[in-house]
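# Remarks on the overall topology
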Amino acid sequence: MDFKISAENSKLVLFSFFITLVTYGFPLTNYSLSVDSETPIYSEFSMSLGRWGTNLVRYRIFEGHLPYYTMLLGIILLSLTAVELSKLFRFKGALSFAFCALFLTFPQMSYQLVFTMQADVVPLGFLLAVLAVKFFVNNSQNIFSKKSIVYFILSSLILMFVIAIYQALILIPIVVYIIILLQNTFNEDYHFKNEFKKGLFFSALLFVSLVFYYVSAKLLCPVPEKGLLSSYLAGKTDNQFLNACSIWLKNLTGNFYYGSKLFIIAFIVSIIMFIKFGIEKKHFLIRFICLFLMLILPFAFSFFITNGYHPPRIYLTSGLVFAFVIVYFVSTIKYEQFTILIISIICVANLYFITNLFYSNYKIFNHDKSEANKMNNLIQAKYPEFDENVNYVYFFGCLPYEHHQKYRIDKSEIFGGSLFNWDNGDNYRIINFFKFNDIAYYKMIDNRETYLKIKDSIAPMPVWPKKESVKMINNIIVVKLGNEKGMPLWVE
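No experiment lies behind these values; they were computed from the predicted model shown.

### A word on the overall build of the protein
Of the regular secondary structure elements, the protein holds 18 helices and 4 strands. Its C-alpha atoms give the protein principal-axis dimensions of about 80 × 50 × 50 Å. By the burial criterion, 55% of the 492 residues in the protein qualify as buried. Within the protein, residue pairs in contact and separated by at least 24 positions form 78% of the contacts whose partners lie at least 6 positions apart.

### Focus: a nonpolar patch on the surface
On the surface, Ile149, Ile153, Leu157, Phe207, Val211, Phe212, Tyr214, Val215, Leu219 and Leu220 cluster together to form a nonpolar patch covering roughly 940 Å² of accessible area. Listing elements by their share of the nonpolar patch, those giving two or more residues are helix H8 (146-165) and helix H10 (192-220). With 7 residues, H10 is the single largest residue contributor to the nonpolar patch. Along the polypeptide, Phe212 turns up in helix H10. Phe212 sits in the partly exposed class, given a relative accessible area of 31%.

### Focus on the pattern of salt bridges
Note on pairing: side chains with opposite charge can pair once their charged atoms come close. A complete count under the given rule lists 12 salt bridges for this structure. For Glu468, the salt bridge goes to Lys382, with nearest N and O atoms at 3.6 Å. Of this pair, Glu468 sits in the loop between helix H18 (448-454) and strand S3 (470-473) while Lys382 sits in helix H16 (residues 336-382), and the two are 86 residues apart along the sequence. Here Asp423 ties to Arg429 by a salt bridge, and the two come within 2.8 Å at their closest N and O atoms.

### Some thoughts on the packing of aromatic side chains
If you walk through the whole model with that rule in mind, you get 51 aromatic pairs. Consider the rings of Tyr42 and Phe45, whose centres lie 6.1 Å apart with planes at 85°: the pair is edge-to-face. Taking the relative accessible area as the measure of exposure, Phe45 reaches 9% and is therefore buried. Ring geometry for Tyr177 against Phe202: centres 4.1 Å apart, planes inclined by 10°, an arrangement best described as stacked. With Tyr177 in helix H9 (residues 171-184) and Phe202 in helix H10, this pair connects stretches of sequence that are 25 residues apart. Grouping residues by exposure puts Tyr177 and Phe202 together as buried. An aromatic cluster is present here, built from Tyr24, Phe106, Tyr111, Phe256, Tyr257, Phe263, Phe299, Tyr315, Phe322, Phe358 and Phe415 joined pairwise through their rings. When the ring centre of Phe186 is taken as reference, the NZ or CZ atom of Arg287 above it lies at 3.7 Å. The ring of Tyr401 is capped by Arg408, whose NZ or CZ atom sits 3.7 Å from the centre of that ring.

### Considerations on empty space enclosed by the protein
Using the criterion set out here, one finds 4 cavities of 30 Å³ or more in the structure. Contributing to the lining of the largest cavity are 15 residues, with Pro27, Tyr31, Ser32, Met71 and Thr116 lying nearest its centre. Elements that contribute at least two residues to the lining of the largest cavity include exactly helix H2 (25-29) and H16. Partitioning the lining of the largest cavity into residue classes produces 11 nonpolar, 4 polar and no charged. Considered as a void within the structure, the second largest cavity measures approximately 40 Å³ in volume. Lining the second largest cavity, in full, are Leu33, Asn361, Ile364, Phe365, Asp368, Gly417, Ser418, Leu419 and Phe433. The dominant element in the lining of the second largest cavity, judged by the number of residues it contributes, is H16, at 4 residues.

### Points about the state of the cysteines
Summed over the entire model, instances satisfying the criterion amount to 0 disulfides. Counting only cysteine sulfurs, Cys347 is the nearest neighbor of Cys100, a cysteine outside any disulfide, at a range of 10 Å. Taking the relative accessible area as the measure of exposure, Cys100 reaches 0% and is therefore buried.

### Topic: the layout of surface pockets
Taken as a whole, the second largest pocket encloses approximately 530 Å³ of empty space. In terms of lining, the second largest pocket is formed by 22 residues, of which the most central are Val137, Gln141, Asn184, Glu195 and Lys198. Among the secondary structure elements, those contributing two or more residues to the lining of the second largest pocket are helix H4 (69-88), helix H7 (121-138), H9 and H10. Its residues placed into classes, the lining of the second largest pocket shows 7 nonpolar, 8 polar and 7 charged.

Rules used throughout
Residues numbered from 1 in each chain as written. Predicted model: local features only at pLDDT ≥ 70, side-chain atom pairs only at ≥ 80, totals over all residues. Heavy atoms only, no water. Helix = DSSP H or I, 4+ residues; strand = E, 2+ residues; numbered from the N terminus. Buried < 20%, exposed > 50% of the residue type's maximum accessible area, 1.4 Å probe, protein only. Contact = heavy atoms within 4.5 Å. Patch = residues over 30% accessible without salt bridge, like charges linked within 9 Å, V, L, I, M, F, W, Y side chains within 5 Å. Areas by Shrake-Rupley, 256 points an atom, 1.4 Å probe, with all protein chains shown as cover. Salt bridge = Lys/Arg side-chain N within 4 Å of Asp/Glu carboxyl O. Phe/Tyr/Trp six-rings, centres within 6.5 Å; stacked < 30°, edge-to-face > 60°. Lys NZ or Arg CZ within 6 Å of the ring centre and 35° of its normal. 1 Å grid on protein atoms, 1.4 Å probe; cavity = no way out; pocket = protein on both sides within 12 Å on 5 of 7 lines; lining within 4 Å. Points joined across faces, edges and corners; volume = space filled by probe spheres on them. Nonpolar A, V, L, I, M, F, W, Y, C, P; charged D, E, K, R; others polar. Disulfide = S-S within 2.5 Å.

In structure tokens, the structure reads:
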């Protein structure tokens, strides 16, 4: 890695950090808890998912997550990632600033940052993945030299850690390297056989990294949880490929999730580039394949998902492709001032989408806090003898989805999630929500005998917010949120 800091690099780092501060200024200064972030960070956090890297950062180093600080660290890491990508793609001058701005403002990353418990570890993984590719590329001229072998091992160990943070991050080095392959076809000294050999060497790097990760996960995570991965593959469809193609096209045209609307610009630009490659003819096949892979890989996970749930956070490299395609196209035309204006408009539009997403989440969070306070106040008013250390509290069902509808944005996935609705009502989530916000420290039912004492007495109760939706039964407080039973207790 080149540690020499030029004046241009310093300006680019400061510019990138400024852009991220502006882009995520609202969530930084208006904290709102999202689904999953209410969960306490315990010693085995993420280990059952094979994410020992996340456990190392989240539990061993930071011992949890903090409002403001965790996201701030995340956007600092993203800023550095943008700069490293710009250097790796050899963008200079205004183009490097344009790339950083487009990459950092693309709304897909907000679907990662909204999860406070991974708002810094995913950007860390992104940065490390880019550095691993950089080490490989800068030391792959003589692949059998001692220096290349050392950097090969170093890069593979870094990628092992990246995968251990979040398995979906494996797509980052692949997409970055494909972009480099495309750019190399425009070099005067381009030689297909040499690039092919390097490509095989890079494939070996990925394979060794996966082997290292597999061994490390076996040693550190002896009881992997299959539930999360298998849940994505649990469904069945007669037209899985056609459905996946439909989702892919919706992503390309910016119609799959809120905030992705402007990806259609990158799609249109890509079509122009395909035509341009065809006209130029030189290295057409390799350029066509590289660009096509760049458009399909960010959304490749959807081709394997069968349960119908395609969260935007799995499209990790879409912002990278979005920024590169637009800036690379701009670099081939002469109207610099006009393109800077267009890119500025795109960034402002993306800022609107991101702020709108976090504002929606902020409103839902505050509404949930208001409801939680009302519930706790009603419990205290009806039952003055209630003792958090003695009496159990049980939440039956969930608040209807429509209860929060006025705060939601269509197709905003996790940003439209309420702790009183997620998983159809989950006592573990709800009770932790009360604790996290210092509203109440309820005692959750932890044995089957206690649950059986209330099981058959809930049906006649009305649902929240009616006064009788809160009732003490056999010294157990029951709060009935809905008529349908939610997530079962682990003791059932």
